[in-house]
Amino acid sequence: MKDQGTVDLPTLRILDPRSAWHYHYEYSWKYGLRGAVPDPDAVDRVPYGANERHVLIQGYRGTFSHQAGSINEYAYDFAMPVGTTVCAACEGVVIGERDDSDVGGASPVFRKSANYVVIRHRDGARAEYLHLKKGGVLVSLGADIDSDQPIALSGATGFTTRPHVHFAVFHLLDRSNGPDRESLPVAVSTKEGILRSLVQGSEYRGRYSRSTEWSR
Ligand SMILES: [Zn+2]
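First, a word on scope: everything that follows refers to the structure included in this document. Just so it is clear, the structure is predicted and the values come from calculations on it, not from any experiment. (Residues numbered from 1 in each chain as written. Predicted model: local features only at pLDDT ≥ 70, side-chain atom pairs only at ≥ 80, totals over all residues. Heavy atoms only, no water.)

## Brief notes about the coordination of the zinc ion
Taken together, H66 (NE2), D77 (OD), D77 (OD) and H166 (ND1) make up the protein donors of the zinc ion, found 2.0 to 2.7 Å from the metal. Geometry at the zinc ion is irregular, judged from the four donor atoms that bind it and their angles of 53 to 153 degrees at the metal. Taking the relative accessible area as the measure of exposure, H166 reaches 4% and is therefore buried. (Donors = N, O, S within 2.8 Å, 3.2 Å for Na, K, Ca; no water. Tetrahedral: all angles 85-135°; square planar, octahedral: opposite > 155°, others 65-115°. Buried < 20%, exposed > 50% of the residue type's maximum accessible area, 1.4 Å probe, protein only.)

Here's what the structure looks like:
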């Protein structure tokens, strides 16, 4: 596993050994990279296999759960039967995953019940793939992932009305008040071409990323 190790944080030193002393600390952490500037020219792919077709059931600023101004403003939901192979839209490192939930439904109370994989891209942005099937994560925390690599099996866990995968690219906001992340619009490579915005209700066919095509 990569990206795991120890890091020294502050060193505590007793200044006056005759005084009573104690210490106390707290810490918190967030996925992502502080100060990262996402690459505006990045092209991802749809999060499923080449030549597979899936309908976009909610696009950017969709009114069900991707509302303008929300943290999911730029997210895509692709309908797919439970157990469909979800593939990485971009290469990176797995920094978060969960697949122990078997619960989901059409209410925000299920928001915290989604299974997921989170991948950090080279430019510091991160992608998340939500609503995965119980036991459906195929990759380990810390693993290097290639674009196109199968990473999970889709499901219907979390806040969802039907089986689908929710795919979004995020940027971490370095602040302590308000939302700590912001979703980003990304160009997506499909058989239909490189598209800056997919249309809700349309069907899109996956294609291999260029690097994968070159190696075949
Ligand atoms: Zn969604």
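So that's the structure; there's more coming.
## Considering the sheet that holds strand β15 (residues 187-190)
Reading across from one edge, β1-β15-β16 is the order of the three strands in this open sheet, with mixed pairing throughout. Each edge of the open sheet is held by one strand with a lone partner, namely β1 (43-45) and β16 (193-195). Between one strand axis and the next, the sheet turns through 35 degrees on average, direction left out of account. Examined bridge by bridge, β15 and β16 share three bridges and lie antiparallel to one another. Pairing of T190 across the sheet is with G193, part of β16. (Pairing = 2+ DSSP bridges. Helix = DSSP H or I, 4+ residues; strand = E, 2+ residues; numbered from the N terminus. Axes fitted to C-alpha atoms, helices over the stretch in contact; angles between N-to-C directions.)

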